[in-house]
Number of protein chains: 2
Amino acid sequence: MHKEPNIQKEMGFYLEQRKKILAMHYVDFVIGWDTQTDAAENSILANSEQAAVISEMSYNLTTDPEYERAVGVLYEHRDELDSVLRHEIEVVYKNIADTKKIPVEEYMAYSELSAKAYPMYVRAKNENDFELFRPYLEKIVEFCRKQTVWLATDTVKGYDVLLDMYEPHYNQAKYDKFFNVLRKKLVPFVKKMTANPTEVPEWTKQTFAKEKQREFCEYLRDVMCFDKSRGIMKESEHPFTSGFGTEDVRITNHYYEDSLVSAIFSAIHETGHATYERQCDPTLNGTFCSGGASLGLHESQSRFYENIIGRSRAFWQVHFGKLQQVFAPQLDNVTLDDFVAYINRVEASFIRTEADELTYPLHIMLRYEIEQKVIAGELEVKDLPKYWNRKFTEYFGITPPTDTLGVLQDVHWAYGNFGYFPTYALGSAIAAQLYHYMSKDFDVEASLKTKTTKKINAWLKDHIHKYGASKYPDEILRLATGEDFNPDYYVEYLINKYSK
Amino acid sequence: MHKEPNIQKEMGFYLEQRKKILAMHYVDFVIGWDTQTDAAENSILANSEQAAVISEMSYNLTTDPEYERAVGVLYEHRDELDSVLRHEIEVVYKNIADTKKIPVEEYMAYSELSAKAYPMYVRAKNENDFELFRPYLEKIVEFCRKQTVWLATDTVKGYDVLLDMYEPHYNQAKYDKFFNVLRKKLVPFVKKMTANPTEVPEWTKQTFAKEKQREFCEYLRDVMCFDKSRGIMKESEHPFTSGFGTEDVRITNHYYEDSLVSAIFSAIHETGHATYERQCDPTLNGTFCSGGASLGLHESQSRFYENIIGRSRAFWQVHFGKLQQVFAPQLDNVTLDDFVAYINRVEASFIRTEADELTYPLHIMLRYEIEQKVIAGELEVKDLPKYWNRKFTEYFGITPPTDTLGVLQDVHWAYGNFGYFPTYALGSAIAAQLYHYMSKDFDVEASLKTKTTKKINAWLKDHIHKYGASKYPDEILRLATGEDFNPDYYVEYLINKYSK
């Protein structure tokens, strides 16, 4: 009995502090968006000191002893909390324990480094000069390796520490098993499919005006029922989604005038992510439980829309006319079948984000294996370009002619996101599992005849999105499908689709 | 002797706190930029709570008792500080005193209101519906009136409180005197000049593609030697400049396809502001003394470039060819003389920002008189549209057909910037004073033959920009010209130019 007023007081403090921390999340959200879109190269470098001070302010909020004490008291009494707050407190409690393990000077120095690394990565990629980026990447790797030591527990060590950060409850044992299934069942199939690639059709070798691409991508956002008064689509080096709660969810795209479909699938992919964020239960706003439950689950949504819906014949049956109209007369002599065949064309290629659905997981396997070695200290940053090209040749039978088309293609390592890539393959596999169960509830292809993804959005909202981050991703998957993650649906889906 | 370690300690605290406060200025800078460019309408409304929390955090930093004590000690010992820090401490000391006079709940409520008022203002303007904006403006006016009470001193009262905020050491007595000079000498001249306006030439009534306008404006930024790796030019409802220190200085523009020159002069104007920010002494970064010394002095720079340089024959003599080239063949039959006559055409018109150099000060007089009445409580917000139209008709002989072309045209009141407008007229007048003295040092027109404004930039840097905000604006003007503000140069310049 005597404890109750104490909990009330600690709860009051917790809720006040949460407001401030969320405000700093909002600051990070806006500054992150700015850094990747509007801020000029030299401005970012000059303002990295501000970024460091802001990080320190956030760090001080989350490591405030009073806050820690409040979280500790609430954690002890977690059985008395409602299920959302209980989950939040469990996650925050773990985060505080983890944060305390990182020395504050290291954290600040790393924040400052991060602000400088991104523009330098962009330059290195544009100029095909790995050496420009190398010193930054070396420091990032050094920090990530240290993280695996600082954050190790009895059961989670080494690279597993990083994997668990991006996908809770996943580790090398599980990923190795997953990739082994793919290796065994998919690799031979992929080898057969890529042995004799079809020619790239002539009609794709035109110039497709940026403005028209943008117009069609805005049309696709409408098809996907995205509320544009709650988030714009802009341009950046690498397409991404960035959101704060359910009410401000933005995406970027990148238009290549020599590619008709690159921006189209980026738009569908990112709007998939954005739909997840938008469809969280709005009562989760103002808590730490809004937004996606994990990267893997997030990626399952973007992949679901991009591949299972966006590359289906049923989807283009209703939208190809509009595409022809926007790009008239460029596509006048192209048929629906030509187009669907093209967007599902299989071929070994250099760029992960441009890879077809079938070869995509091989790109992830490559990165997973490299990261394992880098974090274990078995591979150094200076040797990355060579190692990448050697392994790539082994898996794909072709050698990247430049680092821009090789080791420099992805932005993730510039952000220090080691452990992130495997969630992409996991996402594709979960998407297939969801598709299996969605198809039991209604005819997914037939629903596309309405010209929107309304019914699909509603199913995903009800089975995945509404939970936000109020549960762990494996728990949500079990609630949605009644079983644990099962990669068999993925292999089955791919072999079935590409055997046709 | 015993005081010295104390000063050292307080100085140390002050410098640490200044870093945090500057980081929050950076946050304001980025969030402000985002709100006015990328953030979607409904997102802004939804996130106004974050804005309020961030304001409170800033407020807590500047009202922290330890900080106040440190500033107090440094203020006592200001004679021992170098001149820049001394000026900074004097200004900070005054700001703290002023901030303490504003009740924290009022300050927070106002911050939240501000975040909501801007998108609603944009809607009201777009839909020509003053009533949408009215309730917000009423609250803003209420706050501004309260400010004049909270911040009143023995010598500064009423509207003077607001005027002094934007232009230190200026008040109604001085502005009344300035506007009286204009009224006496300029108004009869303007009446004569606008009596029989020339026809708008036919060649201006074409559609000028947005992309080409943007291209030419980017060319002008190069002409003005602006380093684009330190700030982009973007689009927004109302053109503005926003900078943080010397290393991140951005502008926006607004392209109207039915106007060839609107965006051109906005680009020159905003790049003028941006040049001021960029040319401050970089050692002032990381202090509160970077950036312009006052709005009036800032405006003198933008007006200098826009009107004195940008509307001169000498400028277009070297750049009109490029303009013709970008818009070819639209301007093929237009001569340099046609163009220069057009950009210096005089006519009574509705929109301040589109007004010619000669009628411009009348637009400011109107706003100055209205603000005087509103702040004095002699005019209420609900009566503004009617009053505006009546007064406008009296001064210009024409009546705004819509509020969009009348009382809703300016964004300033949506930001609560009462007392701001008079600095525009002051700026134009200071520009003429500077031009007088610059012309004594070198042949300004001849220097334009180099196709850049390099020599002009250098003179302004050396006479105005380098000081940043390390001195009061009247002090800088005396250093630059050897005399106090003198509106006679302005009248002389205008009558001389337009008599030709």
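Data block above holds the structure.
Nothing here was measured: the structure is a model prediction, and the numbers come from that model.

Cut-offs used in this document
Counting of residues starts from 1 at the beginning of each chain's written sequence and follows it residue by residue. Here the convention is simple: chains get letters from A, ligands get numbers from 1, in the order in which they are written. Totals for whole chains, interfaces and linings use every residue, but because this is a predicted model, local features are given only for residues with pLDDT of at least 70 and side-chain atom pairs only at 80 or more, for both listing and counting. Excluded from the side-chain calculations are hydrogens and water; all other atoms, namely the structure's heavy atoms, are used. Alignment of the copies relies on least squares applied to C-alpha atoms, considering only residues that score at least 70 for pLDDT in both. When checking whether two residues touch, look at their non-hydrogen atoms; a contact exists if any pair is within 4.5 Å. For any pair of parts, buried area is found by adding up, for both, the accessible area (1.4 Å probe) each one loses once the two are put together. Whenever Lys or Arg places a side-chain nitrogen within 4 Å of a carboxyl oxygen from Asp or Glu, that contact is recorded as a salt bridge. N or O atoms within 3.5 Å of each other form a polar contact, as long as, within protein, one can give a hydrogen and the other can take it, and as long as residues adjacent in sequence are counted only when both atoms are side-chain atoms. Secondary structure follows DSSP: runs of H or I at least 4 residues long count as helices, runs of E at least 2 residues long count as strands, and numbering of each begins at the N terminus. By nonpolar core we mean a set of buried residues, namely Ala, Val, Leu, Ile, Met, Phe, Trp, Tyr and Cys, connected to one another through side-chain atoms within 4.5 Å. Whether a residue is buried, partly exposed or exposed follows from its accessible area with a 1.4 Å probe, protein chains only, as a fraction of its type maximum: under 20%, in between, or over 50%, in that order. Should DSSP find at least two bridges between two strands, the strands are taken to pair. Fitted lines through C-alpha atoms give the axes, limited to the stretch in contact for helices. The angle between two N-to-C directions lies from 0 to 180 degrees. Under this scheme an angle from 65 to 115 degrees is roughly perpendicular, one under 35 degrees roughly parallel, and one over 145 degrees roughly antiparallel; angles in between are oblique. Here a crossing is called left-handed whenever its near helix is offset anticlockwise from the far helix by less than a right angle, and right-handed whenever the offset is clockwise. Three residue categories are used. Nonpolar comprises Ala, Val, Leu, Ile, Met, Phe, Trp, Tyr, Cys and Pro, charged comprises Asp, Glu, Lys and Arg, and polar comprises the others, including Gly. Here a cavity means grid points, on a 1 Å grid over the protein atoms only, where a 1.4 Å probe fits yet cannot get out; a pocket means an open set of points with protein on both sides within 12 Å along at least five of seven lines; lining residues are those with an atom within 4 Å of a point. Grid points are joined across faces, edges and corners, and a volume is the space filled by probe spheres set on the points.

J.: Sorry, what's going on with the relation of the copies chain A and chain B here?
T.: Copy one and copy two of the chain differ by a rotation about a common axis and a shift along it. By a simple turn and slide, chain A fits onto chain B: the slide is 0.0 Å along the axis, the RMSD is 0.0 Å, and the turn is 180°. This pairing of chains is accounted for by a two-fold axis. Both copies present the same face, since 100% of the interface residues in chain A are matched by interface residues at the equivalent positions in chain B.

J.: What should I look at first to understand the interface of chain A and chain B in this one?
T.: Often, the extent of an interface is quoted as the loss of accessible area upon association of its parts. Listed per partner, the contact involves 36 residues of chain A and 36 residues of chain B. Buried area between chain A and chain B, summed over both chains or domains, comes out near 3,000 Å², and the portion from carbon and sulfur atoms is 62%. Where chain A packs against chain B, one counts four salt bridges. The closest approach of N and O atoms between Arg250(B) and Asp34(A), which form a salt bridge, is 2.7 Å. Linking chain A with chain B are twelve residue pairs in polar contact (both at pLDDT 80 or more), by the criterion used here. Mapped by element, the contributors of at least two residues to the side of chain A that touches chain B are helix H1 (4-37), helix H2 (41-46), helix H3 (48-62) and strand E3 (248-253) of chain A.

J.: What is the right way to look at the environment of Lys440(B) in this model?
T.: In this fold, Lys440(B) is placed in helix H18 (residues 422-441). Taking C-alpha positions, Lys440(B) is 46 Å from Ile140(B), a pair spaced 300 residues apart along the chain.

J.: For this particular structure, what's the right way to read the nonpolar core?
T.: What tends to happen in soluble globular proteins is that the nonpolar side chains get buried as a cluster. With 122 residues, the main nonpolar core has Leu137(B), Trp316(B), Leu323(B), Phe418(B) and Ile456(B) as its most contacted residues. Ranked by the residues each element gives to this core, the list is headed by H18(B), at eleven residues. In this view, Trp316(B) contacts Phe216(B), Ile264(B), Phe265(B), Gly310(B), Leu323(B), Leu336(B), Phe339(B), Val340(B) and Ile343(B); residues no more than four positions away in its chain are not counted. Core analysis: the second largest hydrophobic core is formed by 121 residues, Leu297(A), Leu331(A), Ile375(A) and Tyr498(A) among them.

J.: Explain the sheet that holds strand E3 (residues 248-253) of chain B to me, please; I cannot follow it from the model alone.
T.: Paired through backbone hydrogen bonds, the strands of a sheet run either parallel or antiparallel to each other. Residue and element names in this part refer to chain B. Strand order across the open sheet formed by three strands is E1-E3-E2, with mixed pairing between neighbours. The two strands at the open ends of the sheet, each matched to only one other strand, are strand E1 (233-235) and strand E2 (241-244). On average, each strand axis in the sheet is tilted by 25° relative to the strand beside it, whichever way the strands run. Of the pairings in the sheet, the one linking E2 to E3 comprises four bridges and is antiparallel in character. Looking at the pairing, Thr241 lines up with Ile251 of E3. Against the sheet, helix H12 (residues 262-278) contacts E1, E2 and E3, and its axis sits at roughly 165° relative to E3.

J.: Looking at this structure, how should I read the pairing of E3(B)?
T.: Consecutive side chains along a regular strand alternate between the two faces of the sheet. Residue and element names in this part refer to chain B. Counting buried positions along E3 gives six out of six residues, so the element sits mostly inside the fold. The two faces of E3 match: Asp248, Arg250 and Thr252 on one face and Val249, Ile251 and Asn253 on the other face are all buried. Sheet analysis places E1 next to E3, joined by three bridges and oriented parallel. Paired with Lys234 across the two strands is Thr252, which belongs to E3.

J.: What am I meant to see in the packing of H3(A) against helix H6 (residues 104-126) of chain A here?
T.: Each pair of packed helices can be summarised by the angle the axes make with each other and by the distance between the axes. All names here are of chain A. Look at H3 against H6: their axes get within 8 Å of each other, and the N-to-C directions meet at 140°. With respect to each other, H3 and H6 are oriented oblique. The handedness of the crossing between H3 and H6 comes out as right-handed. Touching Ser48, Ala51, Ala52, Ser55, Glu56 and Tyr59 of H3 are Val104, Tyr107, Met108, Ser111, Glu112, Ala115 and Lys116, all from H6. Of the residues that constitute the contact of H3 with H6, the class distribution is seven nonpolar, three polar and three charged.

J.: Would you mind going over the sheet that holds E3(A) with me for this structure?
T.: Residue and element names in this part refer to chain A. Strand order across the open sheet formed by three strands is E1-E3-E2, with mixed pairing between neighbours. Both edges of this open sheet fall to strand E1 (233-235) and strand E2 (241-244), since each of them pairs with a single strand only. Across the sheet, the axes of successive neighbouring strands diverge by a mean angle of 25°, strand direction being ignored. Along the sheet, helix H10 (residues 210-223) makes contact with E1 and E3, crossing E1 at roughly 150°. Against the sheet, helix H11 (residues 262-278) makes contact with E2 and E3, and its axis sits at roughly 165° relative to E3, the strand it touches most.

J.: What is the right way to look at empty space enclosed by the protein in this model?
T.: Once rolled over the atoms, a probe with the size of a water molecule shows which space is left empty. Residues and elements named next belong to chain A. Evaluation of the coordinates by the stated rule reveals seven cavities of 30 Å³ or more. Looking at the largest cavity, its volume works out to about 60 Å³. Considering the residues around the largest cavity, the lining is formed by Tyr121, Phe133, Arg367, Trp388, Val407, Asp410, His412, Trp413, Ala414 and Phe421. Of the residues that constitute the lining of the largest cavity, the class distribution is seven nonpolar, one polar and two charged.

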